[in-house]
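In case you want the letters, here they are:
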Amino acid sequence: MALKTEPFVLNMGPVHPSTHGVFRMRTTLDGEVVVDIEPIFGYLHRGVEKLAEQRTYTGIIPLTDRLDYISSMNNNLAYCLAVEKLAGIKVPERAEYLRVIMAELQRIAAFLIAVGAFLNDCGAFFTPFMYMFREREKIVDLLEMVSGQRLTYNYIRVGGVSQDIPEEFLPALRTFVAQMPGFIDEYDRLLMQNEILLARAKGVGILTREQAINCAASGPVLRASGVKWDIRQADPYSIYDRFEFDIPTGTVGDCYDRYRVRVAEMRQSLRIIQQAMTQLPPGPVKAAVPHLIRPPVGEAYAHLEAPKGELGFYLVSDNSIAPYRCHIRPPSLINLTALRDMVRGWKVADLIVIFGSIDITVGEIDR
Amino acid sequence: MMPVLNFGIHHQVFIPAVPPDWPGGFWWHWLFFTVVIIAFVLTMVMGAIYIERRGMGRMQSRLGPNRTGPFGLLQPVADAIKVLLKENIVPVKADKLVHWLAPVVAFAPALMIFAVIPFQDGALLADLNIGILYIVAISSVSTVGIFMAGWASSNKYSLLGAMRNVAAIVSYEMPLVLAIVGVVLIAGSLSLNRIVIAQDIPFILLQPLGFFLFFAAGCAEINRSPFDLMEADSEIVAGFHTEYSGMKFAMFYLVEYAEAIAIAAIITTLFLGGWRGPLLPPWLWFVTKVMAVFFTMVWTRTTLPRIRIDQLMALAWKFLLPLAVINLIITAIQVLASWPDTLPWALVMIIVNFTILAVLVLLWSKFFFRLGWGRIEV
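The model shown is predicted, which means the values in this text are computed figures rather than measured ones.

Asker: Can you explain the interface of chain A and chain B? Please cite residues and give values.
Answerer: Listed as interface residues are 35 residues of chain A and, on the opposing side, 31 residues of chain B. Listed by contribution, the elements that provide at least two residues to the side of chain A that touches chain B are strand 1 (8-12), strand 3 (33-40), helix 4 (93-121), helix 5 (127-147), helix 7 (195-201) and helix 14 (348-358) of chain A. Along the lines of polarity and charge, the residues of the side of chain A that touches chain B split into 20 nonpolar, eight polar and seven charged.

Asker: Break down unusual backbone geometry for me, citing the residues and quoting the values.
Answerer: What you tend to see is this: most non-glycine residues have negative phi, and most peptide bonds are trans. Positive phi outside glycine occurs at A:A216, with the angle close to 60°. In this fold, A:A216 is placed in the loop between helix 8 (209-214) and helix 9 (220-224).

Asker: Can you break down the sheet that holds strand 1 of chain A residue by residue, with the values?
Answerer: Backbone hydrogen bonds hold the strands of a sheet together, and the pairing may be parallel or antiparallel. Residue and element names in this part refer to chain A. Pairing is antiparallel across the open sheet formed by three strands, whose spatial order is 1-2-3. The outermost strands of the open sheet, each flanked by one partner alone, are strand 1 and strand 3. When strand polarity is set aside, the average angle formed by the axes of neighbouring strands in this sheet is 25°. Pairing between strand 2 (residues 24-30) and strand 3: seven bridges, direction antiparallel. In the strand pairing of strand 3, T28 is matched with D36.

Asker: Mind laying out the pairing of strand 8 (residues 325-329) of chain A, listing which residues take part and the relevant values?
Answerer: Residues and elements named next belong to chain A. Going residue by residue along strand 8, you find C326 and I328 tucked away on one face and R325, H327 and R329 left uncovered on the opposite face. Where strand 7 (residues 309-317) meets strand 8, five bridges bridge the pair, whose relative direction is antiparallel. Paired with V316 across the strands is R325, a residue of strand 8.

Asker: Pulling in residues and values, what's your account of the confidence of the model for chain B?
Answerer: Residues and elements named next belong to chain B. For chain B, the mean per-residue pLDDT works out to 80, and 89% of the residues sit at or above 70. Taken together, the stretch residues 1-15 has pLDDT below 50 and engages in 18 contacts with residues farther than four places along the chain or on a different chain. Among the scores for the predicted complex, ipTM is 0.81 and pTM is 0.84.

Asker: Account for helix 14 (residues 343-368) of chain B, naming residues and giving values.
Answerer: Every α-helical turn comprises 3.6 residues, leaving residues that sit three or four positions apart pointing alike. Here helix 14 of chain B spans 36 Å end to end across 26 residues, near enough to the 38 Å set by a 1.5 Å rise per residue. When you tally the buried positions in helix 14 of chain B, you get one out of 26 residues, a small fraction of the element.

Asker: How would you sum up the environment of A:E244? Please name residues and give values.
Answerer: Within the element layout of this structure, A:E244 appears in the loop between helix 10 (231-234) and helix 11 (255-279). In this structure, the C-alpha to C-alpha distance between A:E244 and A:L339, residues 95 residues apart in sequence, is 33 Å.

Asker: Explain the sheet that holds strand 7 of chain A to me, and be specific about the residues and the numbers.
Answerer: Residue and element names in this part refer to chain A. With antiparallel pairing, three strands are arranged side by side in an open sheet as 6-7-8. The sheet is open, and its two borders are formed by strand 6 (298-306) and strand 8, each paired with just one other strand. The average angle at which neighbouring strand axes cross in this sheet is 10°, direction not considered. Helix-sheet contacts for helix 3 (residues 72-87) involve strand 6 and strand 7, and the interaxial angle to strand 6 is about 150°.

Conventions and cut-offs
- Residues numbered from 1 in each chain as written.
- Chains lettered and ligands numbered in written order.
- Predicted model: local features only at pLDDT ≥ 70, side-chain atom pairs only at ≥ 80, totals over all residues.
- Contact = placed C-beta atoms within 7 Å.
- Helix = DSSP H or I, 4+ residues; strand = E, 2+ residues; numbered from the N terminus.
- Nonpolar A, V, L, I, M, F, W, Y, C, P; charged D, E, K, R; others polar.
- Pairing = 2+ DSSP bridges.
- Axes fitted to C-alpha atoms, helices over the stretch in contact; angles between N-to-C directions.
- Buried ≥ 20, exposed ≤ 12 C-beta atoms within 10 Å, placed from the backbone.
- pLDDT = per-residue confidence, 0-100.
- Expected span 1.5 Å × (residues − 1).

Here is the structure:
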């Protein structure tokens, strides 16, 4: 006897344990199989781009903190790069190095959350998550030392950084850089070769090289598909051309590759910090920048390699104290466009894993 | 002593109780053990919750609850008071009666399992000579309660969780029972008390494969990690008890832990020598072993990711079931061969059995079995 079945619609989110914020997926399920999904967002919309038009150039920096709130240093940096490009401001040497150190620390912290949350989505009950938060705590402590904040740092300013590092920062950073590889090895030993994790992540949610390029994916999602594209090397900003590091890439483009690429990225970030730490020159940390910056009429786009991909700021100036237009290219949103192609035909459980492996922050998608 | 019950067949259903000469006979015995079982289960559940929360805290490099009472020992009490005072919310579209009945239907079997589990020699409510059969029959009844909960909640997450649960129970009952049959063959009895008495060597040594099969299938049957996908919090929120709050939620919480304790108690009785052990009083041995087994479950929960529903099915039918059948055949041959009852022979058998375990598991995991099927074209 053939039973009559029909697909049903399940609203996942906006309040759901694994949607990484207030994100909603209108999924059509055939039993356990995902037939279709429709991402719906906007629950965290704060109108950052519009707000920016009524603030001074310096006053926008705290807004950028709240875009991808787990990597605020990178957001600060991307925005400041755009303003500096627009106004033609030269940043002192020491400030460049400090920026690189902070940005790379922030990248490690963001990858720790991404990997921890991904493993949590796979069902490892909070153990990897708590392990990774243990190390993230150390990074947050370091960043608190320099900026006084633990989440929204507002540290990188137009023309440099807000203040020089305190004297206890460098010893603490040295200890952290010495210890961190051991902790990353610990994460690898914990689950990297686990049979269940392999079964859950390997070959699941494949994003082919062509698909990844066509949907303009960036960051670990793109690199896991085998494209060697990292803005730090493809279009070096700040002083990244002075450092030596590899770009880890995947081969298949499945969830496991994305997970592996992120873990490998942590090691590369540590390498960069190591080099920047030893080369750190003395000197001023902030260029002489007026309180109210009036960039000449024109436009500028600056982008950088944020933990989630290419984060870009496009600024248009009309020679007033506020930008005429500020547009943000959020990597999460653009990576998310590949979700539907990746999840169709997989199970509900895979939907969560694939979604977790893209690693989004809703603050950045909704802006 | 005359048979207490006679079902018309020429068997004594109740084997005469061996040591406890309680005054008043059957009814006093019944009353005493009913009270003991309820008290025991509730106390063990509290202990289990404490061990799980503190143990998981330790494993996850955090403290766990440590504010209520010394070392946080009163945390289960605080939790109990909290859920008792919570509002009981029933969804508008829920089937009210079934929604109310489901926790009860789920909870009763978890308690009833303990009726045949010996806390020490002869100290059990009913020494049924079909004890194991009774457990197998009773333990799957809670699924009815869980499916009732999933259906009555009129919530899609609940329904998904409940359907996963039914699918898991249907598949995992089979390797579970086949793993038990191996033990029954060696012990020559279905009575749990007799099985414990038969274990001069704990059956985990004579039946290592059976033990692993039973442990895995048992974990799947009671929704413990890595098979906890019936209430997978990262996928379907809370599974079948998404729409439950207050005391009714507490009942499900209780069921979950009571079942975990029950499976731990069955494993203890069947494979770890039950209440037997040197020096300590028997009931303490029993409790210690139960808690040790439960701790292993906590350990796996903190370590392993969760498997998917198709992988769950594949594991049951392609991995556990063939191994259970092979284990049964090997055990039958060993029992028929009736090796001499001496220590050197027992050692040989232990080594042989562990080798068989290693070879079979390696063969299956490397060659005959792949976890899951992957993508389906839609």
